[in-house]
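So you can see what is in the structure, the chains are spelled out below.
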Amino acid sequence: MKELYIKQKVFSLGGKFTVKDQQEKDVYYVEGSFMQIPKAFSIMNSARDEVALITKKVFSFLPKFFVEVNGREVLTIKKEFSFFKARYTIDAAGIEVQGNWWDMDFQVLQFGKVVGNVSKKWFTWGDSYKVQILNEEMEAIIIALVVAIDCVKADHAAASSAAT
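Residues numbered from 1 in each chain as written. Predicted model: local features only at pLDDT ≥ 70, side-chain atom pairs only at ≥ 80, totals over all residues. Heavy atoms only, no water.

Novice: Explain the overall build of the chain to me, and be specific about the residues and the numbers.
Specialist: Of the regular secondary structure elements, the chain holds 1 helix and 12 strands. For the chain, the α and β elements follow one another from N to C terminus as β-β-β-β-β-β-β-β-β-β-β-β-α. By residue count, 41% of the 164 residues in the chain fall in the buried class. Excluding contacts between residues fewer than 6 apart, the proportion of contacts in the chain whose partners are at least 24 apart in sequence is 32%. Split by element, the accessible area of the chain, about 9,600 Å² in all, is 54% carbon and sulfur. (Helix = DSSP H or I, 4+ residues; strand = E, 2+ residues; numbered from the N terminus. Buried < 20%, exposed > 50% of the residue type's maximum accessible area, 1.4 Å probe, protein only. Contact = heavy atoms within 4.5 Å. Areas by Shrake-Rupley, 256 points an atom, 1.4 Å probe, with all protein chains shown as cover.)

Novice: Break down unusual backbone geometry for me, citing the residues and quoting the values.
Specialist: Of note, the phi angle at Glu24 is positive, near 65°, even though the residue is not glycine. Checked against the element boundaries, Glu24 lands in the loop between β2 (17–21) and β3 (26–32). Residue classification places Glu24 among the exposed positions, given a relative accessible area of 64%. Even without being a glycine, Met104 presents a positive backbone phi close to 60°. Looking at where Met104 falls in the secondary structure, it is placed in the loop between β9 (95–100) and β10 (105–110).

Novice: Could you give an account of the pairing of strand β5 (residues 50–56), with specific residues and numbers?
Specialist: Looking along a regular strand, one sees side chains alternate from face to face of the sheet. The pairing of strand β4 (residues 40–45) with β5 spans 5 bridges and is antiparallel. Residue pairing across strands places Ser42 opposite Leu53, the latter belonging to β5. Between β4 and β5, which pair antiparallel one after the other, the connecting turn spans 4 residues, and Arg48 there sits at a positive phi close to 65°. As defined by bridge partners, β5 adjoins strand β6 (residues 64–69) across 5 bridges and the pair is classed as antiparallel. Bridging from a neighbouring strand, Ala52 pairs with Val69 of β6. (Pairing = 2+ DSSP bridges.)

Novice: Outline the pattern of salt bridges, listing residues and values.
Specialist: Under the definition given, this model contains 5 salt bridges. In this structure, Glu139 and Lys2 form a salt bridge, with 3.0 Å as the shortest nitrogen-oxygen distance. With Glu139 in helix α1 (residues 139–163) and Lys2 in strand β1 (residues 2–8), this residue pair connects regions lying 137 residues apart in the sequence. On the basis of relative accessible area, Lys2 is assigned to the partly exposed category, the value being 25%. The residue Lys78 makes a salt bridge to Asp91 at a minimum N-O spacing of 3.2 Å. Of this pair, Lys78 sits in strand β7 (residues 72–80) while Asp91 sits in strand β8 (residues 87–92); the two residues are 13 residues apart in sequence, bridging distant segments of the chain. Look at Lys78 and you get partly exposed, because its relative accessible area is 25%. (Salt bridge = Lys/Arg side-chain N within 4 Å of Asp/Glu carboxyl O.)

Novice: Which residues make up the side chain of Thr76, and what values do they have?
Specialist: Along the polypeptide, Thr76 turns up in strand β7. For Thr76, a relative accessible area of 10% corresponds to the buried category. Among the polar contacts made by the side chain of Thr76, one reaches the side chain of Glu73 at a distance of 3.3 Å. Residues in contact with Thr76, not counting those within four places in the same chain, are Lys64, Phe65, Phe66, Thr89, Ile90 and Asp91. (Polar contact = N/O pair within 3.5 Å; in protein donor to acceptor, adjacent residues only side chain to side chain.)

Laid out in structure tokens, this is it:
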């Protein structure tokens with residue numbers, strides 16, 4: 001099992017942050033597009049090669065995010081039409097999220113088998129997540145999923161504050 005940690009910088013304008021291992025060594029770099037349409041986040045490995053890309057669909061009635069890993073689309077997160085509480089769904093072939101992904105406390109399953117665990121670390125400055133990778137072949141997908149869910153949450157928070 002491998003443990004990775006995602007700690008976002010609280011006031012980072014472009015959405016830049018790193019994913020670290022247990023020895024606090026940078027394993028992935030995440031960079032968001034600042035003031036660019038469509039909004040996108042690129043996830044790069046330690047050699048700065050892009051391994052995943054998260055893009056928010058533009059001109060969509062309801063928010064929708066696409067996640068590509070190694071050049072192929074692996075999942076979509078979309079907001080469902082609802083009058084009351086915001087509801088989102090994750091569409092991915094063979095990949096399922098169980099638990100409370102809105103609070104960043106969930107398991108990632110592939111074809112019914114747990115391949116990763118995500119938990120939010122409380123009492124930290126900014127959002128910080130612990131990601132346990134049980135199947136290293138799924139590492140990039142799990143990291144991309146965590147970053148994508150965080151993008152959805154940030155987008156939802158921005159839309160909510162703009163509406164008030």
